[in-house]
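# Residue-level structural notes
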Amino acid sequence: MTTNTYDAVIVGAGPNGLTAAARLARAGRRVLVIEAAPTIGGGSRTLPFGKGSPPFGKDALYDPCAAVHPFGVSSPAFEELQLDQFGLTWLHPEIPLAHPLDDGSAATLYRRADSSYDPSATAHGRMWHSMIGYMSADWDKWRRLALTGVAESARTHPAQFARFGLFAALPVTEAVLGFRSPKTRALLMGLAAHAGGRLTSFGTTGVALALAGAAEAKGMPVAQGGSQSIVDALANVITQAGGEIETGRTVSVLSELPPSAAVLLDVTPSQAASIMGTKAPRWRHGVAAWKLDLVLSGPMPWTAPECRRAGTVHLGGAWRDISRAESQTVRGLTPENPFVIVAQPSLIDESRAPAGHHVIWAYRHVPNGYDAPDATVGIERQFDRFAPGWRDLVVHRQVTTALDYSRYNLSYIGGDIAGGAMTLKQTIARPRLAFDPYRTRQDGVWLCSQSTAPGPGVHGMCGWHAAGSVLKNT
């Protein structure tokens, strides 16, 4: 009889793999985490700017992937693991989110806990409360619905799920018509565009509602010192509970792993099938990310004053323009005026850049596998539109293409950083429609990546739920 060396082996040390390992280690299980890259982190790393950036070098830091964490600060998993006691500190900007328009004004979203929050001024009217305000007012309850799979949410919270679903199932292009304000329409459209897909599709309103509810309730903070702080805190939980972490080791097949009662794979469904030696599932990868990181000699010169105080800025203009740009991208085009998500972590975290300087994180969507340089021009064009004069402040810049992302993380197929297209089907059935979508059909193997429910984001809940299934079944 074979004696198990470990109770669980986790392949992949991204936020979900580490969260799964942390939960199992805390429960007294013997765990081993194996990561192919030299360092842990996956989509939650922080790195110094490249060698071509003197005099800064290690003095300017950037997050290659995730930078702002509305679901991280709301995560029941991170809360249960008490990551604040293991080195994680959330920093909140004065304004969580701003969305500038061409007239020099900007739509804003405030956190309820902030002194600037005024329901009559910032809640965008009765319709906003009907769709979002009621969730943010009772977010401790609603966050558990937002960060659980569709099947499980419908089973355990039927009334809540039904109320949320009334609006969530709509195409966001239809939902925004319930608002008169061009600012509110643009704000919601930008939130929905995070998913990367046609905004005329059913279910896209749900993305906007969940993000808006989280941001209004808990904010859109950054992690002090960079997103690496999140995974470092998770690693501290694991090692203090007796778990082990091994980096620089690629796993191709299950037979390469030490004996264990459970294997958890923090990879895409197709990669999991390859490791298990089973037939690859039907799983569609979505649009890719394309990123521009900047070191500036001063703050970004936004035309709209609100953007100068916002941790996150959405660039794209009016709601119809955003919808058109995202639809073109899905069709394989690269629109000249793309939707761009911008983060300004150095506004509230002095550790990110030398004194007097700032770092800017900006990304757009491009077709999967895209590698032509014109994608960067689109980001720059939106900067010219909403922050004229920014070019004069650039000290250093670096670009991450879609193919760079696929090399950076083996699970980012073609630059898809979401672990699979966020279509209605792949949101409901992620990766399949089941109360326990984490347990594979191969005995003793679980999937714990963002390709499972509730989907992408540095919140660890995919790994948390997968670990819960392991604890229940082994």
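A brief look at the structure comes next. (Residues numbered from 1 in each chain as written. Predicted model: local features only at pLDDT ≥ 70, side-chain atom pairs only at ≥ 80, totals over all residues. Heavy atoms only, no water.)

Residues Val-340 and Val-342 of strand β13 (residues 340–343) are buried on one face, and the alternating residues Ile-341 and Ala-343, pointing to the opposite face, are buried as well. As paired strands, strand β12 (residues 310–315) and β13 are joined by 4 bridges and run antiparallel to one another. Counted as the bridge partner of Thr-312 is Ala-343 from β13. Pairing of β13 with strand β14 (residues 358–366) involves 4 bridges; the strand directions are antiparallel. Directly across from Val-340, in β14, lies its bridge partner Arg-364. (Buried < 20%, exposed > 50% of the residue type's maximum accessible area, 1.4 Å probe, protein only. Helix = DSSP H or I, 4+ residues; strand = E, 2+ residues; numbered from the N terminus. Pairing = 2+ DSSP bridges.)

Pairing in this open sheet of 5 strands is parallel, and the strands run β9-β2-β1-β10-β16 from one edge to the other. At either margin of the open sheet sits one strand with a lone partner, and together these are β9 (244–246) and β16 (445–447). Strand-to-strand twist in this sheet, taken as the mean axis angle between neighbours without regard to direction, amounts to 20°. Across 4 bridges, strand β1 (residues 6–11) lies against strand β2 (residues 31–34) in parallel orientation. The residue bridging Ala-8 from the neighbouring strand is Val-31, located in β2. Its contacts with the sheet put helix α1 (residues 15–26) on β1, β2, β9 and β10 (260–265), and the angle it makes with β2 is roughly 170°. (Axes fitted to C-alpha atoms, helices over the stretch in contact; angles between N-to-C directions. Contact = heavy atoms within 4.5 Å.)

Read from one edge to the other, the open sheet built from 7 strands follows the order β7-β6-β12-β13-β14-β11-β15, with strand pairing classed as mixed. Two strands in the sheet have a free side with no partner beyond their single neighbour: β7 (106–109) and β15 (394–400). Strand-to-strand twist of the sheet, defined as the mean angle between neighbouring strand axes without regard to direction, takes the value 20°. The pairing of strand β6 (residues 95–100) with β7 spans 4 bridges and is antiparallel. Bridge pairing in β7 links His-99 to Ala-107. Together, β6, β11 (288–296), β12, β13, β14 and β15 form the strand contacts of helix α14 (residues 374–386), whose direction differs from that of β14 by roughly 125°.

Here the focus is the packing of aromatic side chains. What the rule picks out here adds up to 10 aromatic pairs. Between the aromatic rings of Tyr-134 and Trp-142, the centroid separation amounts to 5.2 Å while the plane-to-plane angle is 85°, which identifies the pairing as edge-to-face. Of the residues examined, Tyr-134 reaches a relative accessible area of 9% and is grouped as buried. Taking 5.2 Å as the distance between ring centres and 70° as the angle between the ring planes, the aromatic pair formed by Phe-383 and Trp-390 counts as edge-to-face. On the basis of relative accessibility, which here comes to 0%, the residue Phe-383 falls in the buried class. (Phe/Tyr/Trp six-rings, centres within 6.5 Å; stacked < 30°, edge-to-face > 60°.)

At a minimum axis distance of 8 Å, the contact between helix α7 (residues 158–168) and helix α10 (residues 204–218) shows a crossing angle of 120°. The angle between α7 and α10 places the two elements in the oblique class. Seen from α7, the contacting residues are Phe-164, Phe-167 and Ala-168; seen from α10, they are Thr-204, Thr-205, Gly-206 and Leu-209. (Parallel < 35°, antiparallel > 145°, perpendicular 65-115°, else oblique.)

Together, Phe-202, Leu-424, Ile-428 and Leu-433 line one region of the surface with nonpolar side chains, adding up to about 400 Å² of accessible area. Positionally, Ile-428 belongs in helix α16 (residues 424–428). Residue class for Ile-428 comes out partly exposed when judged on its relative accessible area of 35%. (Patch = residues over 30% accessible without salt bridge, like charges linked within 9 Å, V, L, I, M, F, W, Y side chains within 5 Å. Areas by Shrake-Rupley, 256 points an atom, 1.4 Å probe, with all protein chains shown as cover. Salt bridge = Lys/Arg side-chain N within 4 Å of Asp/Glu carboxyl O.)

To continue, consider the pattern of salt bridges. Taken as a whole and assessed by the stated rule, the structure comprises 16 salt bridges. Glu-94 is the salt-bridge partner of Arg-309, the closest N and O atoms lying 2.7 Å from each other. Taken together, the residues Arg-309 in the loop between β11 and β12 and Glu-94 in the loop between β5 (90–91) and β6 connect sequence positions 215 residues apart. The exposure class assigned to Arg-309 is partly exposed, which follows from its relative accessible area of 33%. One salt bridge connects Asp-349 with Arg-352, and the closest N-O pair in it is separated by 2.9 Å.

In a regular helix each residue adds 1.5 Å, so 15 residues correspond to 21 Å; α10 covers 22 Å between its end C-alpha atoms and thus fits that length. The element α10 is extensively covered by neighbouring structure, given that 13 of its 15 residues are classed as buried. Note on α10: the residue one or two positions beyond its end, Gly-219, has a positive phi of about 90°. (Expected span 1.5 Å × (residues − 1).)

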